[in-house]
Structure formats: C-alpha cells, structure tokens
Amino acid sequence: MEFTGKKLYSAVQPTNNLTIGNYLGAIKQWVGLQEEYDCTFAIANMHAITVRQEPANLRKKTLELLALYIACGVDPEKCTLYLQSHVPCHAELAWVLNTFTYVGEMERMTQFKDKSAKHADNINMGLMDYPVLMAADILLYQADVVPVGLDQRQHLEITRDIAIRFNNIYSPTFTVPEGLYMKVGAKIADLSDPSKKMSKSAENPNGSIFLTDDRDTVLRKFKRAVTDSGNEVRFDPENKPGVSNLLSIYSVFSDKSIAEAEADFAGKGYGDFKLAVGEAVADKLAPIQAEQARLLSDKAYLDNVLASGAEKAYRTAKKTLAKVYKKIGFYQL
Ligand code: TYM
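Attention in this report is confined to the structure presented alongside it. Computed from a predicted structure; not experimentally measured.

Quick notes on the overall build of the protein chain
Part 1: Counting secondary structure elements, the protein chain contains 13 helices and five strands.
Part 2: By the compact-globule yardstick of 20 Å for 333 residues, the protein chain fits well, its C-alpha radius of gyration being 21 Å.
Part 3: Taken along the three principal axes of its C-alpha coordinates, the protein chain extends 75 × 45 × 45 Å.
Part 4: By the burial criterion, 50% of the 333 residues in the protein chain qualify as buried.
Part 5: A fraction of 77% describes how many contacts in the protein chain between residues 6 or more apart in sequence connect residues 24 or more apart.
Part 6: Carbon and sulfur atoms make up 53% of the accessible area of the protein chain, which totals about 15,800 Å².
Part 7: Put simply, the protein chain has 40 plus and 41 minus side-chain charges, and the middle of one group is 3 Å from the middle of the other.

A word on the state of the cysteines
Part 1: Counted under the stated rule, the structure contains zero disulfides.
Part 2: Between Cys72, a cysteine without a disulfide, and Cys79, which holds the nearest cysteine sulfur, the sulfur-to-sulfur distance is 13 Å.

Quick look at the packing of helix H6 (residues 110–118) against helix H7 (residues 125–140)
Axis angle and axis distance: for two packed helices, these are the angle between their axes and the distance between the axes, and together they describe the pair.
Part 1: Two elements in contact, H6 and H7, have axes whose closest approach is 9 Å; the angle formed by their N-to-C orientations is 160°. With respect to H7, the axis of H6 lies roughly antiparallel. As H6 runs across H7, the sense of the crossing is right-handed. Here Gln111, Phe112, Lys115 and Ser116 of H6 lie close against H7, whose contacting residues are Leu127, Met128 and Tyr130.
Part 2: Counted by class, the contact of H6 with H7 contains four nonpolar, two polar and one charged residues.

Side note on unusual backbone geometry
Part 1: If you check the backbone angles, Asn16 has positive phi at about 50° while not being a glycine.
Part 2: Inspection of the secondary structure assignment puts Asn16 in the loop between strand E1 (7–12) and helix H1 (20–33).
Part 3: Classification of Asn16 by relative accessible area gives partly exposed; the value is 40%.
Part 4: A positive phi angle, near 55°, is found at Asp255, a position not held by glycine.
Part 5: Structurally, the position occupied by Asp255 is in the loop between helix H10 (241–253) and helix H11 (258–264).
Part 6: Relative accessible area serves as the criterion here: at 59%, Asp255 is assigned to the exposed category.

About the cut-offs
- Residues numbered from 1 in each chain as written.
- Predicted model: local features only at pLDDT ≥ 70, side-chain atom pairs only at ≥ 80, totals over all residues.
- Heavy atoms only, no water.
- Helix = DSSP H or I, 4+ residues; strand = E, 2+ residues; numbered from the N terminus.
- Rg over C-alpha atoms; globule rule 2.2 N^0.38 Å.
- Buried < 20%, exposed > 50% of the residue type's maximum accessible area, 1.4 Å probe, protein only.
- Contact = heavy atoms within 4.5 Å.
- Areas by Shrake-Rupley, 256 points an atom, 1.4 Å probe, with all protein chains shown as cover.
- Lys, Arg positive; Asp, Glu negative; His and termini not counted.
- Charge placed at Lys NZ, Arg CZ, Asp CG, Glu CD.
- Disulfide = S-S within 2.5 Å.
- Axes fitted to C-alpha atoms, helices over the stretch in contact; angles between N-to-C directions.
- Parallel < 35°, antiparallel > 145°, perpendicular 65-115°, else oblique.
- Left-handed = near helix turned anticlockwise from the far one by under 90°.
- Nonpolar A, V, L, I, M, F, W, Y, C, P; charged D, E, K, R; others polar.

This is the structure:
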C-alpha cells in the first residue's frame, strides 16, 4: 500500500470494555490504513462524560485504551495518538459549530434518542451536543476519511452538513470528510439478539465479546450464541441473522472471505461452527491482551506517547481554529 498523504481521523470513547464490534468496525481497519494515510487517532474522553463516569475509572480506561490501540498494531511512530481533553481546540471549535447546527437536527439523531431513553435521568446538553463535538474533532484535522462502524454514519453525515454549511457561508475552510466502512465487520450484532448491535454497554454481557474476555469466556459466549432452527451455515443476513453475524466475525478474525468461511463449514453442524468461531476469536485476542498488559506496566512510555501526540495534534488543530476565528470575525491581537 502506498502512502497517499491524505488525512485520516478516528476516535473511540474510553468507556466500559471494548467489544470485538469496536475492534472490527474501527481499530482493526486503522492498522492497515496507517500505511496509506496520515493518521490521527484520539481517545474521546470528552465524549465519554456525556454519560456519568466514575473519575478514577475514566482515568484507568484512558490508559487501557491507549495501550489497546498500540497492542492492536496502531503505531505511535507513524500516527498521532492523543487524548481529546489535552487539546483545548475541540471544545473551542465545538462552540463555534454549535451556532451552525440546528436543535432539530440534533434531536433527530438516533444515538441521542437511544441514549436519552437509556439515561432518562441525565439527558444533559452534552448528550445532545455530542455530534457537534465529533464534527469539531474531525474538522479540526481537515480529515479526508473517517473509518468508523455503521452506527456512526449519521454523525458523519451531520459533520459533512456542518462543514458544507460553514464553507458556503464563508469560503472553503474545512475538508468535507468521507466515512470509511468495512465491507464485513462494520455492524457486528449482539450474540444473544442479532437484531441489536454488539455494544460496550449492553445489559446482557453474554451478547458481547469483550476484548478483555479470556479464552473460556469467549468459547462459552459463542457456544450460547443465538442461531436459528436450521442447520446450514450460510450467509443470509435477512433470514439467518445470527449465523451471518457469526460468519462475518469468523471471516474477519481468520482473514478469509465470506465464501471461504462458508466453505469451511459445509456439511458441519452449528456446534462445530460456533466452536471454530470462538477459537478464531480467542486465538487473535490472546496476544493483544498480553501486549496490552505489557504496555500498561510501562506508564512512562504511555505518558510519553500522549505528550508528544498532544503536541502534534495541537499544532494542527490550532491552525484550523485560527482560520475559523478569523473568518467569523473574532478580533485578533
Ligand atoms: P464508540 O466509542 O461508541 O465506538 C468506537 C468505534 O467502534 C465502532 N462500533 C462498531 N462497529 C461495528 N460493529 C459494532 N457493533 C460496533 N459498535 C461500535 C463505532 O462505529 C466506532 O467507530 N462517537 C464515537 C467516537 C468519536 C469519533 C470521533 C469517531 C468521537 N469523535 C471522531 C470518529 C471521528 C463513538 O462513540 O464511538
């Protein structure tokens, strides 16, 4: 793959334990893309506080996520890795972009509606404003592409709308970003209910495979995964959502196409199939977990990565912010 010099941006929230959905929808594709793009990856702790977090735990999850990025193969020498709250420009640009975003647009966001239902006792302004902060993240770095799972598509669309709106009112200021979605893996479903997405915050932990799950847990959860009353391992998301989800997971974890994955299980029963999927996943997770643990024992190294990442990120972000402030008429000294 050749380096294109184009800019890529993505982020994950340091909340709960990441699932294989987060890995397949986002982090796994980042690793290949870093050869092609000028990449910036953030840890979105400012997004995380839109739902109440325990401070010590948020701090702990922050370093865990950084270690996980690196353990998965994201290279701090090639990419900029940083913590969102270390770069004040995010909050500053989000404020400006708020004035180019309509309340009605935010009220219509699916994730806002879902999260409002789930956290009915804390429907705070930040929860509603979440997509504007995400737009600020992406636009500050003039990203050409944003690799995310399909659940973030609506947020990416609104980011594009806000960028186009601003560019039209003033003059071209922001690169209008494109979403980048995996063909397989952009929408991993819950193992116990394939109509739902696999989520970090699911009520039933048996439906999610966490990146921290040990081998026995992974195998047990796959053994219990919901399939259907048939007996054929065939990719057919409409009629066989459970089996198709498992095939997608197997395909990406074993680096095989869906057709090759189907062929591996021709004539085999669901029991053998689920065991093989579990083994493919557990085999990949074990070395990532070991490397994450090793990195977490070297806090000085992780702090160093964050410090140089913040410096690099700030240099880029402040240029965009200065441009915006000038265009909107903020008096400059
Ligand atoms: P977050 O932390 O909820 O999820 C991180 C990434 O994982 C993807 N994902 C999935 N992909 C496939 N199947 C699933 N079941 C699944 N569940 C989650 C998400 O699409 C995402 O790519 N708002 C973002 C974080 C963010 C961000 C940004 C992303 C903040 N600023 C700027 C891109 C650009 C979020 O909450 O992701």
